[in-house]
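What the coordinates show
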Amino acid sequence: MLASRLAAFVTNCLTVNNAKRIHAQIITNGLDHLESLLIRQILLSPHIYSPSVPQYLEQILLHLDPPDSFSWACTIRFLTQNGEFERALALYFQMQRSDLLPTTFAVSAALKSCARTVYKLGGISIHAQVLKYGYEYCVYAKTALIDLYCKLGDMTNARKLFDEMGERNVVSWNSILSGYSKAGDMQTAQKIFDDIPNQDVISWNTMVSGYTKTGNMDMACSLFQKIPEKNSASWNTIISGYVDCGLVEMGRSFFDSMPQRNNVSYITMISGYSKCGNVDSAREIFDQINEKDRILFNAMIACYAQNSRPKEALRLFTKMLKMNIHTHPDEMTLASVISACSQLGDMRFGSWVESFMNRLGVKIDDHLGTALTDLYAKCGSIDRAYQLFIRLKKKDLVAYSAMILGCGINGRPFDAISLFEDMIKSNVSPNLVTFTGLLTAYNHAGLVEKGYKCFHSMKDHGLEPSRDHYGIMVDLLGRNGRLDEAHDLIKSMPMKAHAGVWGALLLACEIHNNVELGEIAAQNCFELEVDTSGYCSLLSNIYASVERWDDVKRLRKIMKEKGLMKVPGCSWMESS
């Protein structure tokens, strides 16, 4: 009687708590035969998935008596469908260790997990098992193998398997089509597409996506117009294609014509406008959405942070915190917010974000660790930055550059040079930001010859020095009394020097009382930045050092007539 009642409960839609209560009754009453039924009903219940469910299912599976291949297979498939690829594979191999024969369902799901994690060795191993168990004629297992080899970029094996298939379904056709499309072989993809007996919307979308990725927007648009029944993915694919090609307004025209937009549509447009620096249009799109989720907030906050509008990024983050539970920040949100704090030099808010992450239990991964390293380095907390840096599992270009620049601007030149040497030994190629930090370090240390060597080595890394790099070199030469060399370097620049470059020479002339070059530098500064008083003050100091008082009076008169005032010194860092 109790068994039939529990069986009836089990067949109802379950929540995790309900499942655990029923499971407790099954165990205490020795009704172990109902456990496999409980597993299947958990897997069939909508909206039951949560981070605790996979572990709970595994515990039930491991205690099934007798073990049940079907329940194991369904669980592996469930984990794969919910993105728990590594867990699904671990369970698949555990199933074999339990002497259970994997079903075609289990094999297909395990192959899909290998494809999603690009786990070549595991995939090849399961391919051997497909042959061993005689599943090579199963359309689902064969299709999963084709998808695996396509994801691995091995189109030779993928095509061989496809050609061997006696029976093909539309998924088989779409798998091989997607492989050729992602490989950029649109000629072969077009032949496959034309041969598909019953093309579905996925077939059409795959072709449109392939042509957009190869930059053939005319062909992509032509195919898009021919799709019999377009879905949201069709529209998003063509919009994304135009955005990726830099034709954002063309993408916008399709966006505006879209019958029904989803979050992907909005995020694609926000990201597109962000890349081309049109932040106001991105915000206009963002404001069109009535119910905003975390991903949409992330896109807009990142847009502000990436386009040097950090205050607006922090304002939007503050607004996000006041919203409901569906908009709670995640690692992506926090990385953008920390970047905004770095731009403002706002150590106070940045430290609050780090403590907020600790309260939420957010694990500091390499992405967040790098963002925090950059924040603390720019705000002068080099020791804290270095602690975060050494904990990074993988130190990439951004992490090294942030640390080198931080050491460079904070008077730790030899640490910056040492980090650069470690970076090169680790086969991480430097970028322009790296060299800005490194040249700043040589400047702080007064190492002119090594600075020169570093400056000229930029071309060895395929980099052309920017105006800022020339400015640092002019400052390095000038501070060390090599004013003529500094002037010659400016004259050799392939682009027009900005005021910062001439300003560096002017400052050096003040230090070394060089009137002739000081006048040349000042004249260029006046032409580039008409209303800046600092250059007048520097030239006035040069005149005063050689007792040319009439010129001092003349400059002061000019400053007074133009209403120029000396700007008081200030810090760019937020005080705590």
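Now for a description of the structure that goes with this document. (Residues numbered from 1 in each chain as written. Predicted model: local features only at pLDDT ≥ 70, side-chain atom pairs only at ≥ 80, totals over all residues. Heavy atoms only, no water.)

Below, the discussion takes up the overall build of the protein chain. Within the protein chain, the secondary structure is distributed over 34 helices and zero strands. Split into buried and exposed, the 576 residues of the protein chain put 48% on the buried side. Counting contacts in the protein chain only where the partners sit at least 6 residues apart, residues at least 24 apart contribute 58% of the total. (Helix = DSSP H or I, 4+ residues; strand = E, 2+ residues; numbered from the N terminus. Buried < 20%, exposed > 50% of the residue type's maximum accessible area, 1.4 Å probe, protein only. Contact = heavy atoms within 4.5 Å.)

With that out of the way, let us pick up the packing of aromatic side chains. A complete count under the given rule lists 17 aromatic pairs for this structure. Ring centres of Y133 and Y135 lie 5.8 Å apart, and the angle between their planes is 50°; on these two criteria the pair is classed as tilted. Owing to a relative accessible area of 24%, Y133 belongs among the partly exposed residues under this scheme. Ring geometry for Y242 and F254: centres 5.5 Å apart, planes at 20°, overall stacked. With Y242 in helix α15 (residues 232–244) and F254 in helix α16 (residues 248–257), this residue pair connects regions lying 12 residues apart in the sequence. A single burial state applies to Y242 and to F254, both of which are buried. An aromatic cluster is present here, built from F224, W235, Y242 and F254 joined pairwise through their rings. If you follow K230 out to its NZ or CZ, it ends over the ring of F224, 5.1 Å from the centre. A cation over a ring is seen here: R261 above F255, with NZ or CZ 4.3 Å from the ring centre. (Phe/Tyr/Trp six-rings, centres within 6.5 Å; stacked < 30°, edge-to-face > 60°. Lys NZ or Arg CZ within 6 Å of the ring centre and 35° of its normal.)

Let us now look at the side chain of T440. Within the fold, T440 resides in helix α27 (residues 432–445). A polar contact is formed between the side chain of T440 and the backbone oxygen of T436, at a distance of 2.6 Å. Once residues within four sequence positions are removed from consideration, T440 is found in contact with G408, I409 and I472. (Polar contact = N/O pair within 3.5 Å; in protein donor to acceptor, adjacent residues only side chain to side chain.)

To continue, consider the side chain of S265. Relative to the assigned elements, S265 resides in helix α17 (residues 263–275). Within the local environment of S265, its side chain forms a polar contact with the side chain of N236, the two groups lying 2.7 Å apart. If near-sequence neighbours (up to four positions away) are discounted, S265 is found in contact with N236, F255 and M258.

With that settled, consider the pattern of salt bridges. Taken as a whole and assessed by the stated rule, the structure comprises 20 salt bridges. In this structure, E284 engages R252 in a salt bridge whose closest nitrogen and oxygen atoms are separated by 2.9 Å. Taken together, the residues E284 in helix α18 (residues 279–287) and R252 in helix α16 connect sequence positions 32 residues apart. Each of R116, D147 and K151 takes part in one network of salt bridges that share partners. (Salt bridge = Lys/Arg side-chain N within 4 Å of Asp/Glu carboxyl O.)

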